[in-house]
Amino acid sequence: MPADAPTIVATSGGMKPGRRSRFAFAPLVEHAVELSGTTGRPKLVHLGTASGDQRWWNAELDEAAANAGWDLRHLNLFTMPSVDDPEALLLDADVVWVGGGSVVNLLAVWRAHGLDQVFRRVWQAGVVLGGVSAGSICWHVGGTTDSFGPALRPVTDGLALLPYGNGVHYDSEAERRPLVQRLVAEGVLPTTHCTDDGVGLVYRGTELVEAVSEVRGKGAYTVTRSSTDQDDDGGAVAVEERLEPRALPGAR
């Protein structure tokens, strides 16, 4: 059952330790399923492109899905697509969840296989798109990434389904906040939405409608370029506004 509007859940979270498996799906993924409107056994498709389609991680997610009572399939692209028709697989899902890793490599591989255009059609068809870290940045114009090396750098060629920048791991990696603010002030990134670890952003169409959290006390942020304020050298500055996420059921 498709969502009643194009929906994206962009996060810095989604997994937790499991009781009978090493990992389990946390409230952010559960919320993506809820937003899909499915009334039956949820159908998820996982893409691990950003980490090279690691089969051991696929197996961990298979256990998590079995324990949750969900149907999970993987769209692997290494060394070739794992299905004849990736678009049909994605369109049949309630939720598509994209894992973390290298967003730069993810975007390159997706474009090589034409998935940049496929995902726009899947999004418009009402399949909920979601993900963590690289799987959050990819839906936006860009963000900050360590894809090029240990020092964070900007990436500005995201799929741009959402016309914003995206800042992940905002509270856990010290370089993220100042770099996001500098990139927004310089106009490298547009208005940018950021998440602490354990927080997600819910978009309906291209509108940010809510921040939600699976970890209490964490925040989300909107960083905008000020049209009036300037720094000591006369340059533009970025203004950060904290958003208070709604704690999801099961938040710790």
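Residues numbered from 1 in each chain as written. Predicted model: local features only at pLDDT ≥ 70, side-chain atom pairs only at ≥ 80, totals over all residues. Heavy atoms only, no water.

Considering the overall build of the chain
Basically, it comes down to this: Helix and strand definitions here come from DSSP, where helices need a minimum of 4 consecutive H or I residues and strands a minimum of 2 consecutive E residues; each element is numbered from the N-terminal end. Relative accessibility decides the category of a residue: with a 1.4 Å probe and only protein chains considered, values under 20% of the type maximum give buried, values over 50% give exposed, and everything between is partly exposed. In what follows, residue pairs with any heavy atoms lying within 4.5 Å of each other are defined as contacts. Using a 1.4 Å probe, the Shrake-Rupley method yields the accessible areas, and only the shown protein chains count as cover for residues.
The helix and strand inventory of the chain stands at 7 helices and 16 strands. Along the first, second and third principal axes, the C-alpha set of the chain runs to 55 × 40 × 35 Å. Counting only residues that meet the buried cut, the chain has 51% of its 252 residues in that class. Within the chain, counting contacts between residues at least 6 apart in sequence, those at least 24 apart form 69% of the total. Working note: accessible area of the chain is about 11,100 Å², and carbon and sulfur atoms make up 49% of it.

Let's talk about the nonpolar core
As a reminder, the rule being used: In this description, a nonpolar core means a group of buried Ala, Val, Leu, Ile, Met, Phe, Trp, Tyr and Cys residues linked to one another through side-chain atoms lying within 4.5 Å.
Core analysis: the largest hydrophobic core is formed by 40 residues, its most contacted members being Leu-47, Leu-90, Val-96, Trp-110, Phe-119 and Trp-139. Among the elements of the structure, strand S1 (7–11), strand S4 (43–47), helix H3 (86–91), strand S6 (95–98), helix H4 (103–112), helix H5 (115–124), helix H6 (134–137) and strand S12 (199–204) are those that each provide at least two residues to this core. Excluding its chain neighbours within four sequence positions, the residues that come into contact with Trp-110 are Leu-47, Thr-49, Leu-77, Val-98, Leu-115, Asp-116, Phe-119, Cys-138, Trp-139 and Leu-159. Counting residues in hydrophobic clusters, the runner-up holds 16 residues, among them Trp-70, Val-95, Trp-97 and Val-128.

Points about the sheet that holds S1
Quick reminder of the rule: In this description, strands pair whenever DSSP reports at least two bridges between them.
Ordered in space as S5-S4-S6-S7-S1-S12-S13-S16, the 8 strands form an open sheet in which the pairing is mixed. Two strands lie at the open edges of the sheet, namely strand S5 (71–74) and strand S16 (246–247), each paired on one side alone. For S4 and S5, the ladder comprises 4 bridges, and the chain directions are parallel. Bridge assignment links His-46 to a residue of S5, and that residue is His-74.

Some points on helix H2 (residues 55–68)
Going by this rule: Multiplying 1.5 Å by the residue count of a helix minus one yields the expected span of that helix. Directions pointing from the helix axis toward each C-beta atom define the arc.
Under the 1.5 Å per step criterion, the end-to-end length of H2 is 20 Å for 14 residues, consistent within 8% with the ideal 20 Å. By the burial criterion, the buried members of H2 are Asn-58, Glu-60, Leu-61, Ala-64 and Ala-65. In an axial view of H2, the angular spread of the buried residues amounts to 160°, which keeps them on one side of the axis. In H2, the exposed positions that point more than 90 degrees away from the buried face belong to Ala-66 and Asn-67. Where H2 is buried, its residues touch strand S2 (15–17), strand S3 (23–25), S4 and S5. Note on H2: the residue one or two positions beyond its end, Gly-69, has a positive phi of about 80°.

Re the pairing of S6
Burial along S6 is two-sided: Val-95 and Trp-97 facing one way and Val-96 and Val-98 facing the other are all buried. As judged from the 4 bridges shared by S4 and S6, these two strands associate in the parallel manner. Looking at the pairing, Leu-44 lines up with Val-95 of S6.

Observations concerning the state of the cysteines
Note the cut-off: Put simply, a disulfide is two cysteine sulfurs that come within 2.5 Å.
All told, the structure shown has 0 disulfides when counted by the stated rule. No disulfide involves Cys-138; its nearest neighbouring cysteine sulfur is the one of Cys-194, lying 16 Å away.

Let's talk about the pairing of strand S11 (residues 192–195)
As a reminder, the rule being used: For a crossover, the right-handed case is the one in which the path from the first strand over the helix to the second runs clockwise, viewed with the strands pointing away from the viewer.
Here S11 shows no split at all, with Thr-192 and Cys-194 on one side and His-193 and Thr-195 on the other all buried. Relative to S11, strand S10 (residues 165–167) is paired through 3 bridges, and the arrangement is parallel. Within the sheet, the bridge partner assigned to Asn-166 lies in S11 and is His-193. Handedness of the crossover joining S10 and S11 through helix H7 (residues 176–185): right-handed.

Considering the side chain of Asn-76
What counts here: Here a polar contact is taken to be a pair of N or O atoms separated by no more than 3.5 Å, where protein atoms must pair a possible hydrogen donor with a possible acceptor and residues adjacent in sequence count only if both atoms sit in side chains.
Locating Asn-76 in the fold gives a position in the loop between S5 and H3. Among the polar contacts made by the side chain of Asn-76, one reaches the side chain of Asn-58 at a distance of 3.1 Å.

Overview of the side chain of Ser-133
The topology assignment puts Ser-133 in the loop between strand S7 (128–132) and H6. Among the polar contacts listed, one links the side chain of Ser-133 to the side chain of His-169, at a separation of 2.9 Å. If we skip the residues at most four places from it in the chain, Ser-133 touches Thr-11, Gly-100, Val-168 and His-169.

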